[in-house]
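# A structural walkthrough
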Amino acid sequence: MACEISIIVPVYKVENYLNKCIDSILGQTFKDIELILVNDGSPDHCPKICDEYAAIDQRVKVIHKENGGLSSARNAGLKIAKGKYIAFVDSDDFIHLKMYEVLHSNAKQNSSDIVICDYLKVNEGEEIKSDDEPNLQFKEEHYTNIEALNELYGNKGVKFVVVWNKLFKKHLFDNLEFEENKIHEDEFIAHQLLYKSSKVTYIPIQLHFYLQRKNSITQAGFCIRHLDFIKAYKERVNFFMAINQYDLQKKAEYCYIPLFFRYYYKAKNEIPNSNKELKRLKFEFCLRLFSFIKNPYFIKKEKIGWFIFMFNTSLFDILVQKRLRNFLKISLLVLFIFKG
C-alpha cells in the first residue's frame, strides 16, 4: 500500500541501539510512513527485534537477507519502498520526533526534490531528548542542482553528502543504486542525487542525532577498505568531467589529489601487502596527470612533484620523508630525472 515516506534502516549487530532508533521513527508526529527494516544477516538478537516490531505495527516491514553490507541493505529496501519520498536512518542513530514532519512540509511547500536538515553528534551514553520542541524560526536555503554540488566543497560539505539527514523524492533513485562492497558509500552517490535534483532545500536545525560509537566503522583503524574514499573522489572528478562542469571538476580534483597522496602513503606505511592496490591507484592517477596539471588551484611546486611521483616513486618518497619544500631543489631533481 502506498504511503508518503518510506524510511529504510539497514540493521547489523546493533541490538543495544536498535530499539531507540525504531522508537524514534515510529514515534514521529508525521504518521504516513512505512518503516523498512533490512536485517543484513545480523548474528545477534536484531532479527528478533525487527520481527517483534512488525508484529505490533503494520507500518513496519522486515527484510531478512544474507550479509552484504550497508549499500546492499539500502538497495534491498529501495526495491520494495512504496513511498513518494525516501529516507534513510542508520540503526545506531535516532531522530527528533518531528524530523519528518518538518522535512516533508518543506518539501511540499517548496517543491524540493531533496530537503536536508542539520545533525548533532551524540557521544555514547549521552542523554538527548528527541521530543524537545525544535526551534522552527529558521530561514531555509534553496539551491539549484549545480549550486548544491558546489556546497560539497563549502562549509556544509558533509551535510550535503550523507543520506541520513535528508528526505528524497523517490524518482531520484530511478536507475540509481548505492555502490555495493564499498565503505564511504554516500560519497559515491551524493553528487549523482544532487545533480538529478531540480531544487534542494537546506534547513539549519538539528533533527538527526548521529551516535559516535567507539566500535563503529568510522571509528575503526585504517585498513585497505578505506582506500574506497580515494575511489569515490576519483569517480566524482570523472562525473563532473562527463557533465561538462569544469569548475566543479577542478574543485573535485583539489580534494582528490591531496587525499590520494595522504591515503596512498598511509596505506604504504601501515598496510602490509598493499602494493598491488597501490600500483593500480597510481596508474589511475597518472592517467589523468596531464588534466590535473591544468588545475589552477595547485602551484607549480606541487605539479612538479606529481611528475616526480609518476616517473620515480622512490625519489618522491624521499621528498615526502624529508619534507623538501624548496622549489629549486625539486626543480633540480626533475631535471635529473628527465636527463637520466
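What counts and what doesn't
- Residues numbered from 1 in each chain as written.
- Predicted model: local features only at pLDDT ≥ 70, side-chain atom pairs only at ≥ 80, totals over all residues.
- Heavy atoms only, no water.
- Helix = DSSP H or I, 4+ residues; strand = E, 2+ residues; numbered from the N terminus.
- Buried < 20%, exposed > 50% of the residue type's maximum accessible area, 1.4 Å probe, protein only.
- Contact = heavy atoms within 4.5 Å.
- Areas by Shrake-Rupley, 256 points an atom, 1.4 Å probe, with all protein chains shown as cover.
- Core = buried A, V, L, I, M, F, W, Y, C linked by side-chain atoms within 4.5 Å.
- Expected span 1.5 Å × (residues − 1).
- Pairing = 2+ DSSP bridges.
- Right-handed = clockwise from strand over helix to strand, strands pointing away.
- Axes fitted to C-alpha atoms, helices over the stretch in contact; angles between N-to-C directions.
- Parallel < 35°, antiparallel > 145°, perpendicular 65-115°, else oblique.
- Left-handed = near helix turned anticlockwise from the far one by under 90°.
- Nonpolar A, V, L, I, M, F, W, Y, C, P; charged D, E, K, R; others polar.

## As for the overall build of the protein chain
Helix and strand counts for the protein chain come out as 14 helices and 9 strands. Burial statistics for the protein chain: of 340 residues in total, 54% are counted as buried. Contacts in the protein chain between residues far apart in sequence, at least 24 positions, make up 80% of those at least 6 positions apart. Carbon and sulfur atoms make up 52% of the accessible area of the protein chain, which amounts to about 16900 Å² in all.

## Digging into the nonpolar core
Counting 65 residues, the largest nonpolar core has Phe173 and Phe285 as its most contacted members. Counting residues per element, this core draws most heavily on helix H9 (residues 246-270), at 11 residues. Counting residues in each nonpolar core, the second largest holds 36 residues, with Val60, Ala107, Leu207 and Leu211 among its members.

## Focus on the environment of Asp317
Looking at the element boundaries, Asp317 is found in helix H13 (residues 313-322). Considering only alpha carbons, one finds Asp317 and Tyr265, 52 residues apart in sequence, at a separation of 8.9 Å. Residue contacts for Asp317: discarding those within four places in its chain leaves Tyr265 and Lys268.

## Side note on helix H10 (residues 275-287)
What sets the pattern is the α-helix's 3.6 residues per turn: residues three or four places apart point alike. Under the 1.5 Å per step criterion, the end-to-end length of H10 is 18 Å for 13 residues, consistent within 8% with the ideal 18 Å. Here H10 has its buried residues at Glu277, Leu278, Leu281, Lys282, Glu284, Phe285 and Cys286.

## Digging into the pairing of strand E2 (residues 33-40)
Counting buried residues in E2 gives 8 out of 8 residues, a clear majority hidden from the surface. Here E2 shows two buried faces, one formed by Ile33, Leu35, Leu37 and Asn39 and the other by Glu34, Ile36, Val38 and Asp40. Note: strand E1 (residues 3-11) against E2, 7 bridges, orientation parallel. Of the residues in E2, the one forming a bridge with Ile5 is Ile33. For the crossover that starts at E1, traverses helix H1 (residues 18-26) and ends in the parallel E2, the hand is right-handed. In this structure, E2 lies alongside strand E3 (residues 60-65), joined through 6 bridges in parallel fashion. Bridge pairing links Asp40 to Lys65 in E3. With helix H2 (residues 46-56) bridging E2 and its parallel neighbour E3, the resulting β-α-β unit is right-handed.

## Brief notes about the packing of H10 against helix H12 (residues 300-311)
Following both chains from N to C, one finds H10 and H12 inclined at 130 degrees, their axes separated by 10 Å at the closest point. Taken together, the axes of H10 and H12 are oblique relative to one another. Classified by chirality, the crossing of H12 by H10 is left-handed. Residues Lys282, Phe285 and Cys286 of H10 form the contact with H12, whose own contacting residues are Trp306, Phe309 and Met310. Partitioning the contact of H10 with H12 into residue classes produces 5 nonpolar, no polar and 1 charged.

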